[in-house]
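# Coordinate inspection notes
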Amino acid sequence: MSPSDAVAVTVPVSDHYERLLGPIYSWMVGDLEAASVRAEAELDAIGLPAMANGTAVDLGALYWHLVDLVWIYLFPLLYLVGKPE
C-alpha cells in the first residue's frame, strides 16, 4: 500500500478528548472534577455558595493584576535604584 492509497481517518474532537486528552488532563491536575466537587462542598459548608456567573474569578484576577502592578513599581524602587551615598 502506497502513501497515496492511505485513507485519512478523522475522529470527532469529543471522542479524541474522551479517549486521550481527558484522562491525561485529569492525571495532570489531580482529578480536577473531584477537587471541584470538594471545593464547592467546602464553600457550601461555610455559607458561601459558588457563584455561577464567575464574579469571584474576575475579582481574583483583578486582585492579582493589581499585585503585579504594585510589584512592577516596587521592585525597581526597592532593589534596582541605587541608594544615595
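Residues numbered from 1 in each chain as written. Predicted model: local features only at pLDDT ≥ 70, side-chain atom pairs only at ≥ 80, totals over all residues. Heavy atoms only, no water.

### Digging into the overall build of the protein
Here is the rule we go by: Helix numbering and strand numbering both begin at the N terminus, where a helix is a DSSP run of H or I of at least 4 residues and a strand a DSSP run of E of at least 2. The buried label applies to any residue whose accessible area, calculated with a 1.4 Å probe on protein chains only, is under 20% of its type's maximum; exposed applies above 50%, and partly exposed to all values in between. The accessible surface values rely on the Shrake-Rupley method and a 1.4 Å probe; as for residues, cover is taken only from the protein chains in view.
Counting its regular elements, the protein contains three helices and zero strands. Along its sequence from the N terminus, the protein presents helices and strands in the succession α-α-α. Taken over 85 residues, the protein has a buried fraction of 2%. In the form shown here, the protein has an accessible surface area of approximately 8000 Å², with 67% of it arising from carbon and sulfur atoms.

### What to know about the packing of aromatic side chains
What counts here: Only Phe, Tyr and Trp rings take part, Trp by its six-membered ring, and two of them pair if their centres are within 6.5 Å. Stacked means planes under 30 degrees apart, edge-to-face means over 60, and tilted covers everything else.
A full pass over the atoms with the stated rule returns two aromatic pairs. Ring geometry for Tyr-63 versus Trp-64: centroids 5.4 Å apart, planes at 70 degrees, classification edge-to-face. The class for Tyr-63 is partly exposed, based on a relative accessible area of 49%. By relative accessible area, which is 53% here, Trp-64 ends up exposed. Taken together, a centroid distance of 5.3 Å and an interplanar angle of 40 degrees make the contact between Phe-75 and Tyr-79 tilted. Note that Phe-75 and Tyr-79 are positioned in helix H3 (residues 55-80) at a spacing of four residues, about one turn of the helix. Accessibility expressed as a relative area gives 41% for Phe-75, which makes it partly exposed. On the accessibility criterion, Tyr-79 (55% relative accessible area) is exposed.

### A closer look at helix H2 (residues 32-45)
Just so we agree on the cut-off: One less than the residue count of a helix, multiplied by 1.5 Å, gives the span that helix is expected to have.
Look at H2: 20 Å from first C-alpha to last across 14 residues, which is about the 20 Å you get at 1.5 Å a residue. In the segment just after H2, Gly-47 is the residue with positive phi, at about 85 degrees.

### Comments concerning the confidence of the model for the protein
We count it as follows: Per residue, pLDDT measures the predictor's confidence, with a range of 0 to 100.
Averaged over every residue, the pLDDT of the protein is 80; the share at 70 or more is 84%. Averaged pLDDT values for the elements of the protein fall to 81 in helix H1 (residues 13-29) and rise to 87 in H3.

### Examining H1
Going by this rule: To get the bend at any residue, fit one axis to the seven residues that end at it and another to the seven that begin at it, then take the angle between the two axes.
Look at H1: only 21 Å from first C-alpha to last across 17 residues, short of the 24 Å you get at 1.5 Å a residue. Taken as a whole, H1 carries its principal kink of about 50 degrees at Leu-21; the proline Pro-23 stands between one and four residues after it.

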